[in-house]
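Structure assessment
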Amino acid sequence: LTTVYWDTVTRDVYLSVNQLPVPTQNEQYQLWALVDGKPVDAGVFNLNEGPGLIKMKNIPKAQAFAITLEKKGGSPTPTMEKLYVLGKV
C-alpha cells in the first residue's frame with residue numbers, strides 16, 4: 001500500500017511507497033496533485049530511494065493525489081493508461 005502524507009499547514013508532501021511494480025529502465029513514477037480537476041506535477045521518484053518517507057514537491061492545494069508511470073524524468077501531463085494509485089484528500 002502506497003501512502004501520501006500531505007501537511008495542510010506546511011503544504012509538505014511525503015510518500016511511503018509499497019507494492020508498486022518495478023518500472024523499466026526508461027520509466028519513472030510521478031506523483032500528481034489534482035487541483036480543481038487538473039493534474040499538477042508533485043515530483044518524480046524511484047522505488048530504490050530506500051525505506052521511509054520520500055519528500056515530494058510542496059503542494060498548496062489539492063483534492064486528490066495520483067501516481068502514474070511516465071518516461072524517465074517525468075511528464076508535463078499524466079499518462080492515464082499507467083495510473084497506479086488515486087486517492088481523494
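1. Here we look at the overall build of the protein chain
Counting its regular elements, the protein chain contains zero helices and seven strands. Start at the N end of the protein chain and walk to the C end: the helices and strands fall as β-β-β-β-β-β-β. The C-alpha atoms of the protein chain give 12 Å as radius of gyration, which agrees with the globular expectation for 89 residues (12 Å, within 12%). Taking the principal axes of its C-alpha atoms as reference, the protein chain extends roughly 35 × 25 × 20 Å.

2. Remarks on a nonpolar patch on the surface
Taken together, Met-80, Leu-83 and Leu-86 make up a surface patch of nonpolar side chains, about 290 Å² in accessible area. In this structure, Leu-83 sits in strand β7 (residues 83–88).

3. Focus on the confidence of the model for the protein chain
When pLDDT is averaged across the protein chain, the result is 93; 98% of the residues are at 70 or more. Taken element by element, the protein chain is modelled with least confidence in β7, mean pLDDT 92, and with most confidence in strand β4 (residues 38–45), mean pLDDT 97.

4. Things to note about the nonpolar core
Counting residues in each nonpolar core, the largest one holds 17 residues, and the members touching the most others are Leu-31, Phe-45, Ile-59 and Phe-65. Contributing elements (two or more residues each) for this core: β2 (13–16), β3 (27–35), β4 and β6 (64–71). A per-element tally of this core places β3 first, with four residues. When residues no more than four places from it in sequence are discounted, the contact partners of Ile-59 are Trp-6, Arg-11, Val-13, Ala-33, Asp-41, Ala-42 and Phe-65.

5. Quick word on the sheet that holds β2
As summarised here, the arrangement of the three strands in space is β1-β2-β5, forming an open sheet in which the pairing is antiparallel. Looking at which strands have only one partner, the edges of the open sheet turn out to be β1 (3–6) and β5 (54–55). Here β1 pairs with β2 via four bridges, running antiparallel. Paired with Tyr-5 across the bridge in β2 is Tyr-14.

Conventions used here
Residues numbered from 1 in each chain as written. Predicted model: local features only at pLDDT ≥ 70, side-chain atom pairs only at ≥ 80, totals over all residues. Heavy atoms only, no water. Helix = DSSP H or I, 4+ residues; strand = E, 2+ residues; numbered from the N terminus. Rg over C-alpha atoms; globule rule 2.2 N^0.38 Å. Patch = residues over 30% accessible without salt bridge, like charges linked within 9 Å, V, L, I, M, F, W, Y side chains within 5 Å. Areas by Shrake-Rupley, 256 points an atom, 1.4 Å probe, with all protein chains shown as cover. Salt bridge = Lys/Arg side-chain N within 4 Å of Asp/Glu carboxyl O. pLDDT = per-residue confidence, 0-100. Core = buried A, V, L, I, M, F, W, Y, C linked by side-chain atoms within 4.5 Å. Buried < 20%, exposed > 50% of the residue type's maximum accessible area, 1.4 Å probe, protein only. Contact = heavy atoms within 4.5 Å. Pairing = 2+ DSSP bridges.

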